[in-house]
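# Breakdown of the fold
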Amino acid sequence: MARAMWVLVMTVLCSCSTTTMSTKASTAPGVKDVMEIDEIKEALARYEQALNASDVDAVLALYGREPVFMPQHAPAMIGRDAVRRAYEQVFATIRLDVRFAVHEVEVRGDRAWARTSSAGRTTLLASGEHSDEGNNELFVLIEEDGHWRIHRYLFATNQPPR
């Protein structure tokens with residue numbers, strides 16, 4: 001059970017990082033698209049900062065009204081309360097020091113998606129043990145009240161088991 005919780009926490013934590021960003025779109029973006037892409041990249045940078053600060057409130061502020069968080073090796077966390085509890089558990093168990101690289105962002109009306117990867121270190125708070133971590137992530141975003149919010153978030157490790 002302890003190992004399963006550690007894997008869940010590590011999975012959640014390993015999915016966060018920041019800002020080596022390039023954008024790929026199927027058509028040449030207009031000025032409005034470029035501005036929206038920049039806003040999405042800024043939101044992802046704030047997510048990285050919130051993860052590294054173990055700040056549940058800052059993380060939740062980046063999610064929309066009806067979020068779904070899908071960590072590897074765990075059931076989907078559906079709704080704001082479930083997502084909050086998941087991050088509280090993660091931050092009570094591990095400390096993250098990760099960076100995101102944004103590989104693609106595409107905007108379609110009030111929806112967007114971003115493909116990222118993250119890399120860094122995780123510290124298990126109970127033991128102080130450190131480990132390298134890395135993930136591939138997919139963010140689906142929604143524009144709510146004039147801001148881009150995380151609507152769906154999925155990640156999977158890009159580091160094979162040892």
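All residue numbers refer to positions counted from 1 along the written sequence of the respective chain. Where totals are concerned, whole chains, interfaces and linings use all residues; where local detail is concerned, this predicted model gives features only for residues with pLDDT of at least 70, and gives and counts side-chain atom pairs only at 80 or more. With hydrogens and water excluded, all non-hydrogen atoms of the structure serve as input to the side-chain values.

### A word on the environment of N135
Within the secondary structure, N135 sits in strand 5 (residues 130-144). Remark: the alpha-carbon pair of N135 and S117, spanning 18 residues in sequence, is separated by 5.5 Å. Any pair of nitrogen or oxygen atoms within 3.5 Å is treated as a polar contact; in protein, a donor-acceptor pairing is required on top of that, and neighbouring residues in sequence qualify only through side-chain atoms on both sides. A polar contact is formed between the side chain of N135 and the side chain of E133, at a distance of 3.4 Å. Secondary structure elements are defined from DSSP: runs of H or I of at least 4 residues count as helices, runs of E of at least 2 residues count as strands, and each element is numbered from the N terminus.

### Digging into the sheet that holds strand 2 (residues 77-78)
For two strands to be treated as a pair, DSSP must find at least two bridges joining them. Read across the sheet, six strands follow the order 2-1-6-5-4-3 without closing on themselves; strand pairing throughout is mixed. The open sheet has two edge strands, strand 2 and strand 3 (94-108), and neither has a second partner. Sheet topology note: the strand 5/strand 6 (residues 147-157) ladder contains 10 bridges and is antiparallel. Bridge pairing links F139 to Y153 in strand 6. With respect to the sheet, helix 4 (residues 80-93) is in contact with strand 1 (63-70), strand 2, strand 3, strand 4 (111-124) and strand 6, its orientation differing from that of strand 1 by roughly 55 degrees. The contact criterion used is simple: two residues touch if any of their non-hydrogen atoms lie within 4.5 Å. Only C-alpha atoms enter the line fits that serve as axes; for helices the fit covers just the stretch in contact. Angles between N-to-C directions range over 0 to 180 degrees.

### With respect to the pattern of salt bridges
Salt bridges are defined by distance alone: a side-chain nitrogen of Lys or Arg within 4 Å of a carboxyl oxygen of Asp or Glu. Throughout the structure, instances matching the rule amount to nine salt bridges. The salt bridge partner of D57 is R84, with a shortest N-O separation of 2.9 Å. Separated by 27 residues along the polypeptide, D57 in helix 3 (residues 56-61) and R84 in helix 4 bring together distant segments of the chain. When a residue's accessible area, from a 1.4 Å probe over protein chains only, is under 20% of the maximum for its type it is buried; when over 50% it is exposed; and in between it is partly exposed. Classification of R84 by relative accessible area gives partly exposed; the value is 29%. In this structure, R84 engages E88 in a salt bridge whose closest nitrogen and oxygen atoms are separated by 3.8 Å. One end of the pair, R84, and the other, E88, are both in helix 4, four residues apart, so they sit about a helical turn from each other.

### Overview of the side chain of E133
Considering the arrangement of structural elements, one finds E133 in strand 5. Think of it this way: Lys and Arg go in the positive column, Asp and Glu in the negative one, and His and the chain ends go nowhere. Despite its burial, E133 pairs with no opposite charge, the nearest such side chain being R99 at 9.9 Å.

### Digging into the confidence of the model for the protein chain
Each residue carries a pLDDT value, the predictor's own confidence for that position, ranging from 0 to 100. Model confidence for the protein chain is summarised by a mean pLDDT of 86, while 80% of its residues fall at 70 or above. In the predicted structure, residues 1-26 sits below a pLDDT of 50 and forms 91 contacts with residues beyond four places in sequence or in another chain.

### What to know about the pairing of strand 1
Looking at chain direction, strand 1 and strand 6 are connected through four bridges and run parallel. Residue pairing across strands places V68 opposite R152, the latter belonging to strand 6. As paired strands, strand 1 and strand 2 are joined by two bridges and run antiparallel to one another. Bridging across to strand 2, F69 finds its partner in M77. Counting the residues in the hairpin turn of strand 1 and strand 2 gives six residues, including H73, whose phi is positive at 65 degrees.

### Some details on the packing of aromatic side chains
Between rings of Phe, Tyr and Trp, where Trp is taken as its six-membered ring, a pair exists when centres lie within 6.5 Å; planes separated by under 30 degrees are stacked, by over 60 edge-to-face, and by other angles tilted. Inspection of the entire model under this criterion finds 12 aromatic pairs. Ring geometry for Y47 and Y153: centres 5.5 Å apart, planes at 75 degrees, overall edge-to-face. With Y47 in helix 2 (residues 31-52) and Y153 in strand 6, this pair connects stretches of sequence that are 106 residues apart.

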